[in-house]
Amino acid sequence: GSSNVREVVKDRHDKKKQCSQEEVQEFETQVISQSSVMHSIIRRSHGDLKLANYIEVKNDNPSFEVKWDAKGTRSTTFKKKRQRIVPIDQESGDSGLNPCFPTCDSLTTHEYASPESIIGTVNTHYSVHCGADSYKTGIMFLEFRFQVPISELVKVECPKAIKKYLLDLWKKPEYGHLADLSDEDKTILCQTFYRGLVLG
């Protein structure tokens, strides 16, 4: 009975239901708290943060409290447990704060790629710290608040000069991790890089 957060946000958008400020704050608090645990305790970076990689766990079991007043009359108060989100790795199906996340040298979802993933060399990727998740976290927050994918929220067209520079850069041996990407994927990466500049 769990849905990924991307599906929940899309469903709300289609029904023209806005997220409340409380829901936005709750979502952001949970993401930041979980990222903090992954970074500081488990010493790992998620590497593929996006709304589709969080599932909403529906807690349908209500908690209740029983009270008696001064006359001995009993009353029961029911309170539905709040929903929570859990990180998941869609490819392996693992969930929780320590699933088999992709390594920092793998580039999976191109629309969420951080700048260091696009212009960084193979050696750079092996030294990327946990802060690499910060960029993707900001993208997720924007998508959650505005309830549309980042490609629709910030529509851009990468200038030809920047695209040519990036395509020439990726032909160098030290960018071997991008060598097998299709032309379409490389175009998406160029758009993503330029979108990052615009957002910055």
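Note that this is a predicted model, so its numbers are computed, not measured.

### Points about the confidence of the model for the chain
Part 1: Confidence along the chain averages 78 in pLDDT terms, with 75% of residues attaining 70 or more.
Part 2: Mean pLDDT values over the elements of the chain span from 63, in helix 4 (residues 122–126), up to 94, in helix 7 (residues 160–169).

### As for the packing of aromatic side chains
Two numbers describe a pair of aromatic rings. These are the distance of the centres and the angle of the planes.
Part 1: Taken as a whole, this structure holds two aromatic pairs when the rule is applied.
Part 2: Ring centres 6.1 Å apart and planes at 75° place the aromatic pair F27 and F141 in the edge-to-face group. Within this pair, whereas F27 is found in helix 2 (residues 21–40), its partner F141 is found in helix 5 (residues 132–146), the two being separated by 114 residues in sequence. One exposure class covers both F27 and F141, and it is buried.

### What about the environment of I55?
Part 1: Its place among the elements puts I55 in strand 2 (residues 54–57).
Part 2: Overall, I55 belongs to the buried group, its relative accessible area being 18%.
Part 3: Each C-alpha atom of the pair I55 and R84 lies 8.4 Å from the other, and the pair is 29 residues apart in sequence.
Part 4: When residues no more than four places from it in sequence are discounted, the contact partners of I55 are S3, N4, R84, I85, V86 and I88.

### Thoughts on helix 2
Part 1: Relative to the 28 Å expected for 20 residues at 1.5 Å per residue, helix 2 spans 28 Å between its end C-alpha atoms, a close match to the ideal helical length.
Part 2: All of the buried residues in helix 2 are V24, F27, E28, Q30, V31, Q34, S35, M38 and H39. Relative to the axis of helix 2, the buried residues are bounded by an arc of 160° and lie together on one face.

### Quick look at the side chain of Q147
Part 1: If you trace the backbone, Q147 turns up in the loop between helix 5 and helix 6 (150–153).
Part 2: At 3.0 Å, the side chain of Q147 and the backbone oxygen of K17 are in polar contact.
Part 3: Setting aside chain neighbours within four positions, we find Q147 in contact with V9, R12, H13, K17, Q18, C19 and L142.

Conventions used here
Residues numbered from 1 in each chain as written. Predicted model: local features only at pLDDT ≥ 70, side-chain atom pairs only at ≥ 80, totals over all residues. Heavy atoms only, no water. pLDDT = per-residue confidence, 0-100. Helix = DSSP H or I, 4+ residues; strand = E, 2+ residues; numbered from the N terminus. Phe/Tyr/Trp six-rings, centres within 6.5 Å; stacked < 30°, edge-to-face > 60°. Buried < 20%, exposed > 50% of the residue type's maximum accessible area, 1.4 Å probe, protein only. Contact = heavy atoms within 4.5 Å. Expected span 1.5 Å × (residues − 1). Arc of directions from axis to C-beta. Polar contact = N/O pair within 3.5 Å; in protein donor to acceptor, adjacent residues only side chain to side chain.

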